[in-house]
Amino acid sequence: QVQLVESGGGLVQAGGSLRLSCAASGLTFGSFAMGWFRQAPGKERDIVAAINWSGGSTYYADSVKGRFTISRDNVKNTVYLQMNSLKPEDTAVYYCATTLTSYFTRETLGYRYWGQGTQVTVSS
């Protein structure tokens with residue numbers, strides 16, 4: 001079965017960096033788009049970044065443009081989210097997900113499988 005396992009979350013001071021990883025199994029990883037989402041307490045789950053099957057096309061939410069970078073390694077079956085210049089408002093549980101299609105969507109409902117999430121906390 002499809003499994004997505006996030007790692008790399010933690011506590012960091014404002015201005016710091018973290019790199020999240022999402023290891024995928026049970027699917028032909030290199031064929032499918034991936035996305036990173038986040039959900040803060042009491043808020044909806046929102047897209048942060050997405051990447052198509054090859055890595056040739058990406059999307060970023062306005063709130064993270066210029067600070068976050070999504071990438072993928074189709075040999076290692078892993079998608080990454082490099083987060084720089086972190087702000088307290090970036091605090092959330094971060095999830096990776098796959099559309100099980102070649103191209104991404106910005107819509108949460110377009111993602112079929114989800115990881116369990118990893119907590120990112122940014123202190124001021």
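Each value, and the rule that gives it
- Residues numbered from 1 in each chain as written.
- Predicted model: local features only at pLDDT ≥ 70, side-chain atom pairs only at ≥ 80, totals over all residues.
- Heavy atoms only, no water.
- Helix = DSSP H or I, 4+ residues; strand = E, 2+ residues; numbered from the N terminus.
- Buried < 20%, exposed > 50% of the residue type's maximum accessible area, 1.4 Å probe, protein only.
- Lys, Arg positive; Asp, Glu negative; His and termini not counted.
- Salt bridge = Lys/Arg side-chain N within 4 Å of Asp/Glu carboxyl O.
- Polar contact = N/O pair within 3.5 Å; in protein donor to acceptor, adjacent residues only side chain to side chain.
- Disulfide = S-S within 2.5 Å.

Among the secondary structure elements, Glu-6 is positioned in strand E1 (residues 3-7). Buried within the structure, Glu-6 lacks any salt-bridge partner; Arg-45 is the closest side chain of opposite charge, at an N-O distance of 7.4 Å. From its side chain, Glu-6 meets the backbone nitrogen of Cys-96 in a polar contact 2.8 Å long. Within the local environment of Glu-6, its side chain forms a polar contact with the backbone nitrogen of Gln-116, the two atoms lying 3.0 Å apart.

A word on the environment of Tyr-59. Locating Tyr-59 in the fold gives a position in strand E6 (residues 58-60). Residue classification places Tyr-59 among the buried residues on the basis of a relative accessible area of 18%. Taking the C-alpha atoms as reference points, Tyr-59 and Arg-112, 53 residues apart in sequence, are found 18 Å from one another.

Turning our eyes to something else, we now look at the state of the cysteines. For the structure shown, the criterion picks out 1 disulfide. Here Cys-22 pairs with Cys-96 through a disulfide, and the sulfurs are 1.9 Å apart. Looking down the S-S bond of the Cys-22 and Cys-96 bridge, the torsion is 50°, so its handedness is right-handed. In this pair, Cys-22 is assigned in strand E3 (residues 18-25) and Cys-96 in strand E9 (residues 92-98), connecting sequence segments 74 residues apart. Among the residues examined, Cys-22 registers a relative accessible area of 0% and is labelled buried. For Cys-96, a relative accessible area of 0% corresponds to the buried category.

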